[in-house]
Amino acid sequence: MRGNSTVLLALNKVLTRKLTTLNQFFLHARMHKNWGFSQLNNKVYQASIEEMKHADKIIERILLLDGLPNLQELGKLNIGEEPSEMLKLDDKLQTDDIRHIRDAIAVCEGEQDFVSRKMLADILAQQEEHQDWLDTQCSLIDTLGVENYLQQQL
Amino acid sequence: MYVCLCKGITDKQIVQAVNNGTASVRELRQQFGLGDQCGKCTFMARGVINEAMQNSSARQNSSGKPEIFVPSNTPSVSSSYFTLPTN
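Undergrad: Please set out the overall build of chain A residue by residue, giving values where relevant.
TA: Summing up its helical and strand segments, chain A has five helices and zero strands in all. Helices (α) and strands (β) of chain A occur, in sequence order from the N terminus, as α-α-α-α-α. With 154 residues in all, chain A has 48% of them scored as buried. Sequence-distant contacts in chain A: of pairs separated by 6 or more residues, those separated by 24 or more amount to 80%. Surface exposure of chain A reaches about 7,900 Å², of which carbon and sulfur atoms provide 53%.

Undergrad: Hey, could you go over the packing of aromatic side chains for me, with residue numbers and the actual values?
TA: Each aromatic ring pair is summarised here by two numbers: the centre-to-centre distance and the angle between the ring planes. All names here are of chain A. Tallied over the entire structure, the rule returns one aromatic pair over all chains. A centroid spacing of 5.7 Å and a plane angle of 55° characterise the contact between Phe26 and Tyr45, whose relative ring orientation is tilted. One end of the pair, Phe26, is in helix α1 (residues 5-34); the other, Tyr45, is in helix α2 (residues 38-64), with 19 residues separating them in the sequence.

Undergrad: Give a description of the packing of α2 of chain A against helix α4 (residues 114-144) of chain A that names residues and reports values.
TA: Residues and elements named next belong to chain A. α4 packs onto α2 with a crossing angle of 170° between their chain directions and a minimal axis gap of 11 Å. One way to sum up the angle between α2 and α4 is to call them roughly antiparallel. Counted together, Leu40, Lys43, Val44, Ala47, Glu50, Glu51, His54, Lys57, Ile58 and Arg61 of α2 and Val115, Ser116, Met119, Ile123, Gln126, Gln127, His130 and Trp133 of α4 form the full contact between these two elements. Among the residues making up the contact of α2 with α4, the classes are represented as eight nonpolar, five polar and five charged.

Undergrad: Can you tell me about the interface of chain A and chain B, naming the residues and giving the values?
TA: Interface size is commonly expressed as the accessible area that is lost once the parts come together. The partner chain B presents 10 residues to the 11 residues of chain A that form the contact. Counting the surface chain A buries against chain B, the share from its top three residues, Lys76, Ile79 and Glu81 of chain A, is 62%. Here chain A and chain B share one salt bridge between them. Note that Glu81 of chain A and Lys12 of chain B form a salt bridge whose closest N and O atoms lie 2.9 Å from each other. Viewed at the interface, chain B and chain A are joined by six residue pairs in polar contact (both at pLDDT 80 or more). Its residues placed into classes, the side of chain A that touches chain B shows five nonpolar, three polar and three charged.

Undergrad: Tell me about the environment of Leu150 of chain A, residues and numbers included.
TA: Residue and element names in this part refer to chain A. Looking at the element boundaries, Leu150 is found in helix α5 (residues 146-151). Sequence separation of Leu150 and Phe37 is 113 residues, and the distance between their C-alpha atoms is 7.4 Å. Beyond its immediate sequence surroundings of up to four residues, Leu150 is in contact with Phe37, Leu40 and Pro83.

The rules we used
Residues numbered from 1 in each chain as written. Chains lettered and ligands numbered in written order. Predicted model: local features only at pLDDT ≥ 70, side-chain atom pairs only at ≥ 80, totals over all residues. Heavy atoms only, no water. Helix = DSSP H or I, 4+ residues; strand = E, 2+ residues; numbered from the N terminus. Buried < 20%, exposed > 50% of the residue type's maximum accessible area, 1.4 Å probe, protein only. Contact = heavy atoms within 4.5 Å. Areas by Shrake-Rupley, 256 points an atom, 1.4 Å probe, with all protein chains shown as cover. Phe/Tyr/Trp six-rings, centres within 6.5 Å; stacked < 30°, edge-to-face > 60°. Axes fitted to C-alpha atoms, helices over the stretch in contact; angles between N-to-C directions. Parallel < 35°, antiparallel > 145°, perpendicular 65-115°, else oblique. Nonpolar A, V, L, I, M, F, W, Y, C, P; charged D, E, K, R; others polar. Buried area = accessible area lost by both parts, 1.4 Å probe. Salt bridge = Lys/Arg side-chain N within 4 Å of Asp/Glu carboxyl O. Polar contact = N/O pair within 3.5 Å; in protein donor to acceptor, adjacent residues only side chain to side chain.

Laid out in structure tokens, this is it:
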């Protein structure tokens, strides 16, 4: 099926962000693990796998629309040096991702590609969930202090 | 955070380098090899340099010392060279 080129461009942009985010989350998860924060490792690792699944859906959709998924493009990774900084950087990245997905949804709506729109809307719902988790962690660090917070993440 | 992941250069290292007289991404490249590999970090590195330079000039102005012009394109000259001994 021949897809709309504007939609394909928007999907590829979201794909680039997905690939970037999954790499950042994966490295952060394993850094948490290396320092012994296994709770953080589990959660962030799972989020990275979710990003991979989202990327998979987008890749399949682009192929179905006779486009070429660009897996070569990768954005800048923002890797922190300590756990609280890493969570803040993840939160920022997730917020940016959500904004870009919303833009892509608007493009799909405008071009009447309702199937791509639904796929992105489903992805968006999961993104918002993880962003909420990240927001909660950042505010917990503020209220408990970073040492108390990290003690619960062993 | 890590600005350049390829060479493992952090923002703190860049701020330190700026305080020691580094003023451009080119000089960071000469010192650390920053941006030699994938080049994705140069944009952010420039931002870190600008911020650090603003902060250091604000600190110098508030400390009451006279402002001394340091040419930005001479990497070997550090600003401490110009400060007079206090005793």
